[in-house]
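# Tertiary structure, described
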Amino acid sequence: MLSSFLFLSHGTIDQNQTLETLMAGACDKINNQESCLSRIQSHVESQDYHRLPAAVSVLTAALQNSINEAQSAIDMITTFNTLSISYREQLAIEDCKELLDFSVSELAWSLSEMKSIHAGLKNPHSDGNLKAWLSAALSNQDTCLEGFEGTDRRLERFVRGSLSQVTQLIGNVLTLYTQMHRLPFKPPRNNINGTEDETQSSGFPEWMTDGDKELLASSPDGMHVDSVVAMDGSGQYRSIGQAVLEAPSYSNRRFVIYVKKGVYRENIDMKKKKSNIMLVGDGIGKTIITGNRNFMQGWTTFRTATVAVSGKGFIARDITFRNTAGPESHQGVALRVDSDQSAFYRCSMEGYQDTLYAHSLRQFYRECSISGTIDFIFGNGAAVLQGCKIFTREPLPLQKVTITAQGRKDPHQSTGFSIQDSYVYATRPTYLGRPWKQYSRTVYINTYMSSMVQPRGWLEWYGDFALGTLWYGEYRNYGPGASISGRVQWPGFHIIRDAATATFFTVGRFLDGMAWLPATGVKFTAGLSN
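This one's a predicted model, so the numbers in the text were calculated from it and none came from an experiment. (Residues numbered from 1 in each chain as written. Predicted model: local features only at pLDDT ≥ 70, side-chain atom pairs only at ≥ 80, totals over all residues. Heavy atoms only, no water.)

## Quick look at the overall build of the chain
Rules: Numbering goes from the N terminus for both helices and strands, where a helix is a DSSP run of H or I of at least four residues and a strand is a run of E of at least two. Contact criterion: two residues are considered in contact whenever any of their non-hydrogen atoms come within 4.5 Å of each other. Every accessible area reported is derived by Shrake-Rupley at a probe size of 1.4 Å, with residue values counting cover from the shown protein chains alone.
Check the secondary structure of the chain and you find eleven helices and 26 strands. Across the chain, the fraction of contacts at a sequence separation of at least 24, relative to all contacts at a separation of at least 6, is 70%. Accessible surface for the chain amounts to roughly 20600 Å². Of this, 50% is attributable to carbon and sulfur atoms.

## What about the nonpolar core?
So the rule is basically this: The term nonpolar core refers to a set of buried residues drawn from Ala, Val, Leu, Ile, Met, Phe, Trp, Tyr and Cys, joined through side-chain atoms within 4.5 Å. In this scheme, a residue with accessible area under 20% of its type's maximum is buried, one over 50% is exposed, and one in between is partly exposed, where area comes from a 1.4 Å probe on protein chains only.
The biggest cluster of nonpolar side chains holds 60 residues, and the ones touching the most others in it are I40, I77, I93, V159 and L163. At the level of elements, α2 (19–26), α3 (33–46), α4 (54–78), α5 (87–118), α6 (126–146) and α7 (154–178) are the ones that each hand at least two residues to this core. Core analysis: the second largest hydrophobic core is formed by 56 residues, A247, A334, C347 and F376 among them.

## Observations concerning the UniProt feature "active site" (unreviewed entry) in the chain
Let me state the cut-off plainly: UniProt positions are given in the numbering used here, feature names are shortened, and annotations may be inferred rather than shown by experiment.
UniProt feature "active site" (unreviewed entry): in the numbering of this structure it lies at D375. Structurally, D375 is set in strand β16 (residues 374–379). For D375, a relative accessible area of 5% corresponds to the buried category. Look past the residues within four positions of D375 in its chain and what remains in contact with it is D354, T402, I403, T404, A405, R434 and W461.

## Comments concerning the sheet that holds strand β15 (residues 369–372)
To keep it simple, the criterion reads: At least two bridges found by DSSP between two strands are what make those strands a pair.
Strand order in the open sheet made by the eight strands is β3-β6-β9-β12-β15-β18-β21-β24, with parallel pairing throughout. Two strands close off the open sheet at either side, each with one partner strand: β3 (262–265) and β24 (448–449). Examined bridge by bridge, strand β12 (residues 348–350) and β15 share three bridges and lie parallel to one another. Following the sheet pairing, M349 is matched in β15 by I370.

## Looking at the packing of α6 against α7
Where we set the bar: Axes, fitted as lines to C-alpha atoms, cover a helix only where it is in contact. Angles between the N-to-C directions of the axes lie from 0 to 180 degrees. Each angle receives one of four descriptions, namely roughly parallel if under 35 degrees, roughly antiparallel if over 145, roughly perpendicular if within 65 to 115, and oblique otherwise. Helix crossings are classified by the rotation of the near helix relative to the far one: an anticlockwise turn of less than a right angle makes the crossing left-handed, while a clockwise turn makes it right-handed. Just so you know the grouping, Ala, Val, Leu, Ile, Met, Phe, Trp, Tyr, Cys and Pro go in nonpolar, Asp, Glu, Lys and Arg go in charged, and all remaining residues, Gly too, go in polar.
It is the contact of α6 with α7, at a shortest axis distance of 9 Å, that shows an interaxial angle of 165°. Taken as axis vectors, α6 and α7 run roughly antiparallel relative to one another. You can see that α6 and α7 cross each other, and the crossing is left-handed. On α7, the residues that touch S126, D127, L130, K131, L134, S135, A137, L138, Q141, C144 and L145 of α6 are E156, V159, R160, L163, V166, T167, I170, G171, V173, L174, Y177 and T178. Looking at the contact of α6 with α7, its residues break down into 13 nonpolar, six polar and four charged.

## Brief notes about the packing of aromatic side chains
This is how the line gets drawn: In this scheme Phe, Tyr and Trp rings, the latter by its six-membered ring, pair at centre separations within 6.5 Å, and the angle between planes marks the pair as stacked below 30 degrees, edge-to-face above 60, and tilted otherwise. Whether a charge sits over a ring comes down to the Lys NZ or Arg CZ being within 6 Å of the ring centre and within 35 degrees of the ring normal.
Counted under the stated rule, the structure contains 22 aromatic pairs. An angle of 80° between the planes, with centres 6.5 Å apart, marks the rings of F321 and F344 as edge-to-face. Taken together, the residues span a long stretch of sequence, with F321 in strand β9 (residues 320–323) and F344 in strand β11 (residues 342–345) at a distance of 23 residues. F321 sits in the buried class, given a relative accessible area of 0%. Note on F378 and W436: the rings are 5.8 Å apart at their centroids and 55° apart in plane angle, and the pair reads as tilted. Within this pair, whereas F378 is found in strand β16, its partner W436 is found in the loop between β22 (430–433) and β23 (441–445), the two being separated by 58 residues in sequence. Here the two residues F378 and W436 agree in accessibility, since each one is buried. Linked through ring pairs, F391, Y423, Y425, Y448 and Y478 together constitute an aromatic cluster. Over the ring of Y352 we find R393, and its NZ or CZ is 4.1 Å from the ring centre. Just above the ring of W436 sits the side chain of K437; from NZ or CZ to the centre is 4.3 Å.

## What about the state of the cysteines?
For the record, the criterion: What counts as a disulfide here is a pair of cysteine sulfur atoms lying within 2.5 Å.
Per the stated rule, a full pass over the model turns up two disulfides. Across the disulfide from C27 sits C36; the S-S distance is 2.1 Å. Of note, the bridge from C27 to C36 carries an S-S torsion of about -85° and is left-handed in sense. Among the residues examined, C36 registers a relative accessible area of 0% and is labelled buried. Put simply, C96 and C144 are joined by a disulfide, and their sulfur atoms are 2.0 Å apart. Judged by the sign of its S-S torsion, about 85°, the bond between C96 and C144 is right-handed. Remark: C144 occurs in helix α6 and C96 occurs in helix α5; sequence separation between them is 48 residues. Taking the relative accessible area as the measure of exposure, C96 reaches 0% and is therefore buried. Disulfides within the chain link the bonded cysteines, taken in sequence order, as 1-2, 3-4. No disulfide involves C347; its sulfur sits 5.0 Å from that of C368, the nearest cysteine. There is no disulfide at C368, and the cysteine sulfur nearest it, in C388, is 4.7 Å away.

## Quick notes on the side chain of S66
Here S66 lies in helix α4. For S66, a relative accessible area of 0% corresponds to the buried category. With near-sequence residues (within four places) excluded, S66 lies in contact with L107, L169, I170 and V173.

## Notes on the environment of Y462
For Y462, the location among the structural elements is in the loop between β24 and β25 (471–475). For Y462, a relative accessible area of 53% corresponds to the exposed category.

## Observations concerning the pairing of β9
Inspection of the sheet shows strand β6 (residues 287–291) paired to β9 by four bridges, in the parallel sense. Bridging across to β9, I288 finds its partner in T320. Pairing geometry for β9 and β12, over three bridges, is parallel. When the bridges of β12 are listed, T320 appears paired with S348.

## Focus on the environment of W490
Checked against the element boundaries, W490 lands in the loop between β25 and β26 (493–495). With relative accessibility at 9%, the residue W490 sits in the buried group. Between the C-alpha atoms of W490 and L467, which are 23 residues apart in sequence, the distance is 5.7 Å. When neighbours within four sequence positions are excluded, W490 is seen to be in contact with R456, W458, L459, E460, L467, L470 and Y472.

In structure tokens form, the structure reads like this:
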């Protein structure tokens, strides 16, 4: 229905189209379209949206409808807890409830942003925010269903039915939003090719607070910290988890937890309400958080993480995140990130299969080390790795080492992985990535590749799945494994030859990084380094 009469020849929406046409787009492919149309029309009328452009009226109403559907799905899925189900199924249900709650929040942020725009409160970064939040909300339901791997799938079928409407509604909102004919605000005018004219001679942006400058420049001994964790009892806490638990919820200011050197054997789950937390350690290999949760123990991949962070604005510095479950244990996540505008500086993520789960939202990694065997950087976040070192480890016999498995499922999602100015130190035959989902997107830019990176570069997931819809690219990489002469000939693979295309995948453009990274105090290059 949508494609037949809604889109113009250039693939965008005319704001002057009728409410009826736009509402049809918002309810496209929904099981009960009459009910959907009725609800959206009711929202439009009740909020007196007729004074706004038609597309704005429908988008705002469709966002509210999506929130209501997601909340209903949480209620429905909660009832499954009363059934006699296995431990893995119980975990999967808990995952689904949390992931749908993520979606509710991301949709609510989007709704608030839309209302602010049309109240005249213009934010040049609204476009980046809305695309990031809607992209995340669309993917959470997939992660919920993936939690039923290893079960008989009967319960999954019921859950899938509860989620299908939510997923389709969010997908429709994302499609409508990204194809709007003209937006009621202008995109940010950032210096995306560098930070020089945005900074003072100190090297810090002029709008950074003194406190945030201190976080980057100081040693832990000299900076302001809010709480100290130490295994020897010299801090307020012996456990990181306890320090996080007692940190303020929904904090608008940075809350700094200094974790002294030591090996902390604990699993830490920083929930969505723990915003603006910063963990500072004594260095890679000195402050170590380690666990061994894995899929073979009955955990869902989502729950295997040694450390999981979901609150906005998380920062980590000088810490090792480790999962010691070996390759025979299959999935075992060292770090899972659902934190929007999160940053990791001089950290190490160590594991085997599925080491770094860049699950959702905007993430930045600077001078970090990541090691693993299979798909060891995976997820559907928008992540840029800059100046990072990537190490391969020994997999199981017959397994092929793949660095990335990016999970973009919809062409309108603003997600993907960009590995820039980094180093691939492969010590066994290695592939740069394989397509986990239909629109998988990964690029390598100005990155060193050792000789064990295979000549074809990339690996299929199975058969020809996604080979024409993925977007993989390489730009000015170097080293013995970087030769492009033998690379795959897939329709979706690109040898990037122009700086403009490569620049799209840099911090300034891909993460809208000038809006938030300067305030973290973490070093970054906004554009291309050469």
